[in-house]
Amino acid sequence: MPVNAPDRLREILAAETIAVVGCSRSPGKAAHDVPNYLLERGYDVIPVNPYAEEIFGRRVYDALSDVDAEIDIVCIFRPSEEVSGVVDEALGREDVDVIWAQQGIRDDEAAARAEDAGRTVVQDRCMKVDHRRLVT
């Protein structure tokens, strides 16, 4: 079933823990508002941002490799040219099942590497939009 199929997206969105790389402290930015929406819907959101100490009253990690909790989905809010490094870091963890690049973010080579490693990849889609459309 293609990753963009509604049933497959619903299955992905049934995850519990989402590490948000590039999570922002600034309300009004998608990198803040989307993870906040997910947090309000019961997801365990783990902010990853080397320039912040706390977001949403939660500890912020400098890198995925610093996160000591299990991660189901890595959600990427970084420019497309930085996706490859985030994917490599995610592939260094055995617990990450899904790598989700938010709307406007895409790296087909990095996605192919992740898929070859057995991970599911979603690119250029907004988690909040898909959650509203498919889950709520």
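Residues numbered from 1 in each chain as written. Predicted model: local features only at pLDDT ≥ 70, side-chain atom pairs only at ≥ 80, totals over all residues. Heavy atoms only, no water.

(A) Focus on unusual backbone geometry. In the Ramachandran plot, Phe56 falls in the positive-phi region, its phi being about 60° despite a non-glycine side chain. Within the secondary structure, Phe56 sits in the loop between β3 (54-55) and β4 (58-59). Backbone geometry at Asp124 places phi at a positive 55°, although glycine is not the residue there. Looking at the element boundaries, Asp124 is found in the loop between β7 (120-122) and α5 (127-134). (Helix = DSSP H or I, 4+ residues; strand = E, 2+ residues; numbered from the N terminus.)

(B) Structural context of α5. All of the buried residues along α5 are Met127, Asp130, His131 and Leu134. One side of α5 carries all its buried residues, which in axial view fall inside an arc of 100°. As for α5, its buried residues are in contact with α1 (6-12), β1 (17-21), α2 (30-40), β5 (73-76) and β6 (98-101). (Buried < 20%, exposed > 50% of the residue type's maximum accessible area, 1.4 Å probe, protein only. Arc of directions from axis to C-beta. Contact = heavy atoms within 4.5 Å.)

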